[in-house]
Amino acid sequence: MAVSLIPLCRSSVRLLPVLGSRVDVRFKNYSSEQGAGGGLTGAVLQDKLQTREKESNTDPPGSEEQQKKQKENTANAKRIVLRVAGGLGVAGSGALIYIFGSNSVDDQGNKIPDEFDTDPPVLQQVKRAYRYFKDYRQMIIEPTSPKLLPDPLKEPYYQPPYTLVLELTDVLLHPEWSLATGWRFKKRAGIDNLFQQLASLYEIVIFTSETGLTAFPLIDNVDPHGFVSYRLFRDATRYTDGHHVKEEQQRLSDLSQLSKRQTLPLGSFTGRLWPRSKQ
C-alpha cells in the first residue's frame, strides 16, 4: 500500500509548479484589469476613449477640400446677396426718380410745363426729383409762413396792445411718463383764472415746439373757454442744429418798438410780452 502511494505523490509534486504558474498568471491579469478601470467595463471605456482621441488627432481624408468648398460657398452667397441688394437699390432709386421726377398735372390731367422741359428726358427726371427733395427738406427746416400771426385788427375792432407768448410744456402742463400709466400731464393750478383775467388785456398766444397733433387736444384741455387767441406749433419753428427754434423776436414783434418789451411774472415762470405792430 505504501509502495503504491509513492508514484502518486511524485506526480502530484510535479504538477504543483505548473498549477502555481497558471494561478499566478490569472491573478496578474485580474489585478491589471482591476487597476486599469475596474474590470472589463473600464477596459472597454478606455479603448473607446483612445480610439476617439486618435480620430480627433488624425484628420479624415478630404477635410481640407470640404473646408475649401465651404469657404467658396460662403463667398458665393455673399456675392449673390450683394448683387441682389445692389439691384434692389438701383431699382428703388430709379423708381423714386420716375415717380418724383415726372411733370405735375392739372385737374384735367394735362402736364404743367416747367424749366426742365428742354433738357433730355432722363435729366429732366433727375432734376425734378432733386428739386422735390430739396423743397421737402426746406419745408422741414423753414417755417411754413414768414408771419407767425395775422396783421393786427383795425377799428372798430379791439386789438390788445401786447401779445403774451406762453410755452405749453413745463409751463402750463408738466408731462410725466411711467411704465404703468404711460404719458400723463399735470395742469398748473390757477390757469383758468389766469386766462380769464388776462384775456381782456393781452393777446394770448401759446407757442410750442410740439406737433399740432399732440398739442392741440392738450391746449383744448388747458383752455376750455377759448381765451387763447392763437396756437403755434412745430411747423412755425425753424429747424437748426437738430433743434426746433422759436423765432418770435424776429417774426412776432414790431422791430421799431422792441424797447417796449416787457415781462409778466407768472409764479415760477415768466411770460414774454411783445408789442403788436400797427400796420
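Sequence order as written defines the numbering, with residues in each chain counted from 1. Restriction of local features to residues with pLDDT of at least 70 applies here, the model being predicted, together with a cutoff of 80 or more for giving and counting side-chain atom pairs; totals for whole chains, interfaces and linings are based on all residues. Side-chain measures were taken over the full set of non-hydrogen atoms in the model, leaving aside hydrogen atoms and water.

Going by an unreviewed UniProt entry, the protein carries the name Mitochondrial import inner membrane translocase subunit TIM50 and comes from Hymenochirus boettgeri. UniProt positions are given in the numbering used here, feature names are shortened, and annotations may be inferred rather than shown by experiment. The Subunit (unreviewed entry) comment attached to the protein in UniProt states, word for word, "Component of the TIM23 complex." According to the UniProt record, the Subcellular location (unreviewed entry) comment for the protein is "Mitochondrion inner membrane".

S.K.: What exactly am I supposed to notice about the environment of asparagine 103 here?
M.R.: Runs of E in the DSSP output that reach at least two residues are strands. Runs of H or I that reach at least four are helices, and both are numbered from the N terminus. By the secondary structure assignment, asparagine 103 is in the loop between helix H3 (63-100) and helix H4 (121-141). C-alpha of asparagine 103 to C-alpha of arginine 128: the two residues are 25 residues apart in sequence and 7.9 Å apart in space. Any two residues whose heavy atoms approach within 4.5 Å are treated as being in contact. With residues near it in sequence (within four places) discarded, asparagine 103 still touches Lys111, Ile112, Asp114, Asp117 and Arg128. Identification of polar contacts relies on pairs of N or O atoms within 3.5 Å, with a donor-acceptor requirement for protein atoms, meaning one able to donate a hydrogen and the other able to accept it, and with residues adjacent in sequence counted only if both atoms are side-chain atoms. Polar contacts involving the side chain of asparagine 103 include one to the main-chain carbonyl oxygen of isoleucine 112, which spans 3.4 Å. At a separation of 3.4 Å, a polar atom in the side chain of asparagine 103 contacts the side chain of aspartate 117.

S.K.: Explain the pairing of strand S2 (residues 173-178) to me, please; I cannot follow it from the model alone.
M.R.: When a strand is regular, its side chains alternate between the sheet's two faces. Being paired, for any two strands, means DSSP has found at least two bridges between them. Direction of pairing for S2 relative to strand S3 (residues 182-187): antiparallel, over a ladder of six bridges. In the sheet register, leucine 173 faces S3, and the bridge partner there is lysine 187. Connecting the antiparallel pair S2 and S3 is a turn made up of three residues.

S.K.: Where do I start with the side chain of glutamine 124 in this structure?
M.R.: You can see glutamine 124 is positioned in helix H4. Judged by relative accessible area, glutamine 124 falls into the buried class, the value being 12%. If we ignore the near neighbours within four places in the chain, the residues touching glutamine 124 are Gly101, Phe116, Asp117, Thr118 and Asp119. Under the scheme applied here, a residue whose accessible area is under 20% of the maximum for its type counts as buried, over 50% as exposed, and between as partly exposed, the area being computed with a 1.4 Å probe on protein chains only.

S.K.: I'm lost on the UniProt feature "transmembrane region" (unreviewed entry) in the protein in this one. Help?
M.R.: With numbering aligned to this structure, UniProt lists the feature "transmembrane region" (unreviewed entry) at residues 80-101. For residues 80-101, helix accounts for 95% and strand for 0%, while the C-alpha atoms at its two ends are 31 Å apart.

S.K.: Just checking my understanding: could you explain the nonpolar core for this structure?
M.R.: Considering soluble globular proteins, one finds that nonpolar side chains tend to be buried as a cluster. Here, the term nonpolar core denotes a set of buried Ala, Val, Leu, Ile, Met, Phe, Trp, Tyr and Cys residues that are joined through side-chain atoms within 4.5 Å. Formed by 19 residues in total, the largest nonpolar core has its most connected members in Leu168, Leu172, Phe195, Ile204 and Val222. Every element with two or more residues in this core is listed here: strand S1 (162-166), helix H5 (191-198), strand S4 (203-207) and helix H6 (212-222). Beyond its immediate stretch of four places on either side in the chain, leucine 172 contacts Leu166, Glu167, Lys186, Lys187, Arg188, Ile191, Phe195, Ile206 and Val222. By size, the runner-up hydrophobic cluster in this structure holds seven residues, among which are Leu148, Val165, Val205 and Leu232.

S.K.: Where do I start with a nonpolar patch on the surface in this structure?
M.R.: The patches reported here contain residues having more than 30% relative accessible area and no salt bridge. Joining distances are 9 Å for like charges and 5 Å for nonpolar side chains (Val, Leu, Ile, Met, Phe, Trp, Tyr). Methods summary: accessible areas were calculated by the Shrake-Rupley approach with a probe of 1.4 Å, and residue burial reflects only the protein chains presented. Here a salt bridge means any side-chain nitrogen of Lys or Arg lying within 4 Å of a carboxyl oxygen belonging to Asp or Glu. Where nonpolar side chains cluster on the molecular surface, the patch consists of Leu96, Tyr132, Phe133, Tyr136, Met139, Ile140 and Tyr239 and spans about 690 Å² of accessible area. In terms of residues, the nonpolar patch owes the most to one element, H4, which gives five residues. Tracing the backbone through its elements, the reader meets tyrosine 239 in strand S6 (residues 238-240). On the basis of relative accessible area, tyrosine 239 is assigned to the partly exposed category, the value being 34%.

S.K.: I tried to follow H6 on my own but got confused; where do I start?
M.R.: For an α-helix, the turn length of 3.6 residues means that residues three or four places apart are oriented alike. The complete set of buried residues in H6 reads Ala215, Leu218, Ile219 and Val222. Looking down the long axis of H6, one finds its buried residues gathered within 105 degrees of arc, a one-sided arrangement. In H6, the exposed positions that point more than 90 degrees away from the buried face belong to Leu213 and Asn221. Those residues of H6 that are buried lie in contact with S2, S3, H5, S4 and strand S5 (230-232). Regarding the arc, it is the one traced by the directions from the helix axis to the C-beta atoms.

S.K.: Would you take a moment to explain the pattern of salt bridges for this structure?
M.R.: A pair can form between side chains of opposite charge whenever their charged atoms are brought close. Inspection of every chain in the model, using the stated rule, returns ten salt bridges. For glutamate 115, the salt bridge is made with arginine 131, and the minimal N-O distance between the two is 3.0 Å. Of the two residues, glutamate 115 is situated in the loop between H3 and H4 and arginine 131 in helix H4; the sequence distance between them amounts to 16 residues. By relative accessible area, arginine 131 is classed as partly exposed at 30%. Note that lysine 186 and glutamate 176 form a salt bridge whose closest N and O atoms lie 3.3 Å from each other. In this pair, lysine 186 is assigned in strand S3 and glutamate 176 in strand S2, connecting sequence segments ten residues apart. Owing to a relative accessible area of 33%, glutamate 176 belongs among the partly exposed residues under this scheme.

S.K.: I tried to follow the confidence of the model for the protein on my own but got confused; where do I start?
M.R.: Note that predicted coordinates carrying low pLDDT should not be read in detail. Confidence of the predictor at the level of single residues is captured by pLDDT, which takes values from 0 to 100. Residues of the protein with pLDDT of at least 70 account for 71%, and the chain-wide mean is 76. Within the model, the stretch residues 1-9 combines pLDDT values under 50 with zero contacts to residues more than four positions away or in other chains. Long-range and interchain partners of residues 23-37, a stretch whose pLDDT sits below 50, account for seven contacts in this model, where long-range means more than four residues apart.

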